[in-house]
Amino acid sequence: MCGRFTLYSSAALIADTFSVEVPPTLPKRFNIAPSQHVLAVREKPAATKPATHERELVSLQWGFVPSWARDPHLAGRMINARSETAATKPAFRASFRSRRCLVVADGFYEWQTDPDTGKKQPWYVRLRSGLPFGIAGLMSHWEKPGKPVIESCALLTCEPNELMAAIHDRMPVIIPPESFDAWLDVQEHAEGNVSKLLRPFDTDQMTAYRVSTLVNSPKNDSEKCVVGGR
């Protein structure tokens, strides 16, 4: 699964990586947790974009709320979607077809369980390049009379690569830059065509190291969370 991640890259670097406009005063985030808002990249609606692919940066609640959900608070607990079943699972299949996005991150945390003590050691995982990356996401629009509109998302996960397998049995689906258009363009790239993108990211391009248990509490959101240690 993916339960925490970071986004502290500069606005200029994010804009360059994803070809979107980014507010220059973007706050640095070192411990993004479920139920909080995250930044995601999506294609602009057909009515507002030219023939070429044009993207926009949006803020989404992390915790997927299907459009048909009666209780948005319970539904919002769905922070991840398994890539193997998202295209057919009732909660996610409509979004898989027509509401795909890239959740912007530059690292994520995972907890490794010690088989002898049962204690959990947090690890921080990022690209060796240090660049921000896009996690495959699914969006949802929830709207009911007299209630605030909720724009939400879930992160897709897949089997781990060699690096992650020693830490956890799942990892987020990271879409390489050359496949951004394929993932985001729901008109030209149907669900069957994008399924091949839902695979473990190249191990050689990633690195991981232990961090302190400071990250265990979402109240802690400082640079200390990504400092190596035990």
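Predicted model only: the values in this text are computed from it and were never measured.

> Looking at this structure, how should I read the overall build of the chain?
For the chain, the count of helices and strands is six helices and 13 strands. Burial statistics for the chain: of 230 residues in total, 47% are counted as buried. Taking as baseline every contact in the chain between residues at least 6 positions apart, the subset at least 24 positions apart corresponds to 67%. For the chain, the accessible surface area stands at approximately 11,600 Å², while carbon and sulfur atoms represent 52% of it. Positive and negative side-chain charges of the chain, numbering 28 and 25 respectively, have mean locations separated by a distance of 7 Å.

> What's the story with the side chain of Ser95 in this structure? I'm lost.
Of note, Ser95 is situated in helix H3 (residues 93-98). Accessibility expressed as a relative area gives 6% for Ser95, which makes it buried. At a separation of 2.5 Å, a polar atom in the side chain of Ser95 contacts the main-chain carbonyl oxygen of Met139.

> Please explain the pairing of strand E4 (residues 55-62) as it appears in this structure.
In this sheet, E4 lies alongside strand E3 (residues 37-43) in antiparallel orientation, the contact comprising seven bridges. Its bridge partner lying in E4, Val38 is registered against Leu60. Looking at chain direction, E4 and strand E10 (residues 150-158) are connected through two bridges and run parallel. When the sheet's bridge partners are listed, Gln61 is paired in E10 with Ser152.

Thresholds applied
- Residues numbered from 1 in each chain as written.
- Predicted model: local features only at pLDDT ≥ 70, side-chain atom pairs only at ≥ 80, totals over all residues.
- Heavy atoms only, no water.
- Helix = DSSP H or I, 4+ residues; strand = E, 2+ residues; numbered from the N terminus.
- Buried < 20%, exposed > 50% of the residue type's maximum accessible area, 1.4 Å probe, protein only.
- Contact = heavy atoms within 4.5 Å.
- Areas by Shrake-Rupley, 256 points an atom, 1.4 Å probe, with all protein chains shown as cover.
- Lys, Arg positive; Asp, Glu negative; His and termini not counted.
- Charge placed at Lys NZ, Arg CZ, Asp CG, Glu CD.
- Polar contact = N/O pair within 3.5 Å; in protein donor to acceptor, adjacent residues only side chain to side chain.
- Pairing = 2+ DSSP bridges.

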